[in-house]
Number of protein chains: 2
Amino acid sequence: MTIYRHFYVKSHAKTSPDINLKDLPGSAGRLDVLARSVNAAFWLSYGIRKNVVFHTILHGEPNAPVYIRLEGEKLRKVSPDERSIAIFIGKALKKFDEKHEAESTPGIFVARKSFEELLEENKDKKFYLLDENGEDIENVRINNPFFILGDNVDLLPEEKEIALKYGAKAVSIGKKSYLTSHCIAILNWWMDRNEG
Amino acid sequence: MTIYRHFYVKSHAKTSPDINLKDLPGSAGRLDVLARSVNAAFWLSYGIRKNVVFHTILHGEPNAPVYIRLEGEKLRKVSPDERSIAIFIGKALKKFDEKHEAESTPGIFVARKSFEELLEENKDKKFYLLDENGEDIENVRINNPFFILGDNVDLLPEEKEIALKYGAKAVSIGKKSYLTSHCIAILNWWMDRNEG
């Protein structure tokens, strides 16, 4: 049986499809951070991790919140570089439909969804909130995981409360504050080691 | 006393400064891989790692080999996204001088240098060759490290031989084949934990 790994990254990226690919860190709302997080979640040297599902909700102007999901089993055509991933996020934003979830390209889905709705839909999983002050990952038995991370900005207190309401466990990979994409690469590796 | 961490990534990036920023994975010779490796080597959430030195030798057309070094203590102006790092690699290539090492922007140096010359200059450090079949990192006491990694292509047998001649120890972070940038993020984290 496949054990899936879910990652959620809150994003402040803009929610209009006219992304300036020359300015992912600026006018696109740190879309570079989100793109590297997607890279870290899926890519291995010779292919992508089919057991990963990546969730994000974009909170930028003008149409927040926009939920986007990437499924490793179905993902096609995307390359691991920031620009390619940003282009595919743009395609998803273009296909956004207020009423229905749309599959913009193979394995990429877009919909209107709040953070609380997302957790409600995934409450069969175990939520882990990445937090420097959480329990050291070494002492945590990771099981059926749904990891919750911020982008370059920490989650809001009310978002952390929602996560805790859904039973999230605060876990730490160390006292240093790492980039979101590095956290994801480390978590994937850590789970590889402990499954192996 | 600061313990420095040296990373060397062999690159197949092109050695002319006219980089097409829209095509880092293609005509630039997987410059995206190198850029993400630089990101993984230096960036933390709130600043860059001053104890890191990143070395690369570009092997692409038309002027290989071009050696570039980034020093965390002096690095300025570069942002963590692929495009910004690629722009600064381009600036270094523009300042390349056959006769002398040049500092193209703060903390970035460029020169003519072969892999063997690089190892000769750094033989006071301990070389570690990343290799899936090497000794598990868990069993290795990392000390004064100079890590040697390939980009998306493995090192050549003759390069591995040079490394071994300089006493390199083959170390493994697992049986899966990880992206170079992920290896670096994991190694940094691993050393953080073991220093802490």
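Values in this document were obtained by computation on a predicted structure and should not be read as measured data.

**Q** Sorry if this is basic, but what is going on with the overall build of chain A here?
**A** When its secondary structure is counted, chain A shows five helices and ten strands. Whereas a compact globule of 196 residues would reach a radius of gyration of roughly 16 Å, chain A reaches 16 Å, a difference of no more than 12%. Dimensions of chain A, computed from C-alpha atoms along their principal axes, come out at roughly 45 × 40 × 30 Å. Sorting the 196 residues of chain A into buried and exposed places 57% on the buried side. Taking as baseline every contact in chain A between residues at least 6 positions apart, the subset at least 24 positions apart corresponds to 70%. Only carbon and sulfur atoms are counted for the fraction: they give 49% of the accessible area of chain A, which is about 8,400 Å².

**Q** Hey, could you run me through unusual backbone geometry in this one?
**A** Omega for the bond connecting E61(B) with P62(B) falls within 30 degrees of zero, at 0°, which places this linkage in the cis form. By the secondary structure assignment, P62(B) is in the loop between strand 4 (52–58) and strand 5 (66–71). In this chain, A64(B) is followed by P65(B) through a cis amide linkage whose omega measures -5°. With respect to the helices, strands and loops of the structure, P65(B) is situated in the loop between strand 4 and strand 5. Residue K77(A) is not a glycine yet carries a positive backbone phi of 80°. Residue position: K77(A) is located in the loop between strand 5 (66–71) and helix 2 (82–94). By relative accessible area, K77(A) is classed as exposed at 66%. Unusually for a residue other than glycine, N144(A) sits at a positive phi of about 50°.

**Q** What should I look at first to understand the pattern of salt bridges in this one?
**A** Side-chain pairing between opposite charges can occur once the charged atoms of the two side chains come close. Applying the stated criterion to the full structure yields 40 salt bridges over all chains. Among the ionic pairs, R5(A) bridges to E195(A), the shortest N-O distance being 3.1 Å. Of this pair, R5(A) sits in strand 1 (residues 5–11) while E195(A) sits in helix 5 (residues 180–195); the two residues are 190 residues apart in sequence, bridging distant segments of the chain. For E195(A), a relative accessible area of 47% gives the class partly exposed. K125(A) serves as the salt-bridge partner of D124(A), at 3.5 Å between the closest nitrogen and oxygen. Since its relative accessible area comes to 55%, D124(A) is described here as exposed. In this structure K125(A) comes out as buried when scored by relative accessible area, which is 18%. One connected set of salt bridges, linked through shared partners, spans R5(A), R49(A), D192(A), E195(A) and K176(B).

**Q** Mind showing me how you'd approach the sheet that holds strand 1 of chain A here?
**A** Backbone hydrogen bonds are what pair the strands of a sheet, in a parallel or an antiparallel way. Residues and elements named next belong to chain A. Reading across the sheet, the eight strands line up as 6-7-5-4-1-9-8-10 and stay open at both edges, with mixed pairing between neighbours. Each having just a single partner strand, strand 6 (102–105) and strand 10 (169–172) make up the two edges of the open sheet. Between one strand axis and the next, the sheet turns by 30° as a mean value, whatever way the strands run. Sheet topology note: the strand 8 (residues 126–136)/strand 9 (residues 145–149) ladder contains four bridges and is parallel.

**Q** Is there a simple way to explain the interface of chain A and chain B in this structure?
**A** When the parts of a complex come together, some accessible area is lost, and that lost area is often taken as the interface size. In this assembly, 32 residues from chain A lie in contact with 32 residues from chain B. Taken over both partners, the interface formed by chain A and chain B buries close to 3,000 Å², and the fraction arising from carbon and sulfur atoms is 54%. Broken down residue by residue, the surface that chain A buries against chain B is led by H182(A), W189(A) and R193(A), which jointly contribute 20%. The salt bridge partner of R193(A) is E138(B), with a shortest N-O separation of 2.7 Å. At the junction of chain A and chain B, the tally comes to 19 residue pairs in polar contact (both at pLDDT 80 or more). Among the residues forming the side of chain A that touches chain B, the class breakdown is 15 nonpolar, four polar and 13 charged.

**Q** What's the story with the sheet that holds strand 6 (residues 102–105) of chain B in this structure? I'm lost.
**A** All names here are of chain B. One open sheet holds the eight strands; their spatial order is 6-7-5-4-1-9-8-10, and the pairing between them is mixed. Sheet topology places strand 6 and strand 10 (169–172) at the edges, where each strand pairs with a single neighbour. Strand-to-strand twist of the sheet, defined as the mean angle between neighbouring strand axes without regard to direction, takes the value 30°. By the bridge criterion, seven bridges tie strand 1 (residues 5–11) to strand 4 in an arrangement that is parallel. Following the sheet pairing, S11 is matched in strand 4 by L58. Where helix 5 (residues 180–195) meets the sheet, its contacts fall on strand 1, strand 4, strand 8 (126–136) and strand 9 (145–149), and the angle it forms with strand 1 comes to roughly 170°.

**Q** Looking at this structure, how should I read the environment of P17(A)?
**A** Residue and element names in this part refer to chain A. Looking at where P17 falls in the secondary structure, it is placed in the loop between strand 1 and helix 1 (31–42). It is 9.3 Å that separates the C-alpha atoms of P17 and F96, two residues lying 79 residues apart in sequence. Not counting residues within four places of it along the chain, the set of residues in contact with P17 comprises G90, L93 and K94.

**Q** Can you walk me through the state of the cysteines in this structure?
**A** Covalent bonding between the sulfur atoms of two cysteines is what defines a disulfide. According to the stated counting rule, one finds zero disulfides over all chains in the structure shown. Unpaired in this structure, C183(A) has its nearest cysteine sulfur neighbour in C183(B), at a distance of 17 Å. Accessibility expressed as a relative area gives 8% for C183(A), which makes it buried.

**Q** Help me understand the nonpolar core in this model?
**A** Side chains of nonpolar character tend, in soluble globular proteins, to be buried together. Membership of the largest hydrophobic core comes to 102 residues, with the highest contact counts inside it found for F7(A), F54(A), F7(B), F54(B) and I68(B). The contact partners of F54(A), leaving out residues within four places of it in the chain, are F7(A), V9(A), L34(A), S37(A), V38(A), A41(A), F42(A), I68(A), R69(A), L70(A) and I184(A).

Calculation rules
- Residues numbered from 1 in each chain as written.
- Chains lettered and ligands numbered in written order.
- Predicted model: local features only at pLDDT ≥ 70, side-chain atom pairs only at ≥ 80, totals over all residues.
- Heavy atoms only, no water.
- Helix = DSSP H or I, 4+ residues; strand = E, 2+ residues; numbered from the N terminus.
- Rg over C-alpha atoms; globule rule 2.2 N^0.38 Å.
- Buried < 20%, exposed > 50% of the residue type's maximum accessible area, 1.4 Å probe, protein only.
- Contact = heavy atoms within 4.5 Å.
- Areas by Shrake-Rupley, 256 points an atom, 1.4 Å probe, with all protein chains shown as cover.
- Salt bridge = Lys/Arg side-chain N within 4 Å of Asp/Glu carboxyl O.
- Pairing = 2+ DSSP bridges.
- Axes fitted to C-alpha atoms, helices over the stretch in contact; angles between N-to-C directions.
- Buried area = accessible area lost by both parts, 1.4 Å probe.
- Polar contact = N/O pair within 3.5 Å; in protein donor to acceptor, adjacent residues only side chain to side chain.
- Nonpolar A, V, L, I, M, F, W, Y, C, P; charged D, E, K, R; others polar.
- Disulfide = S-S within 2.5 Å.
- Core = buried A, V, L, I, M, F, W, Y, C linked by side-chain atoms within 4.5 Å.

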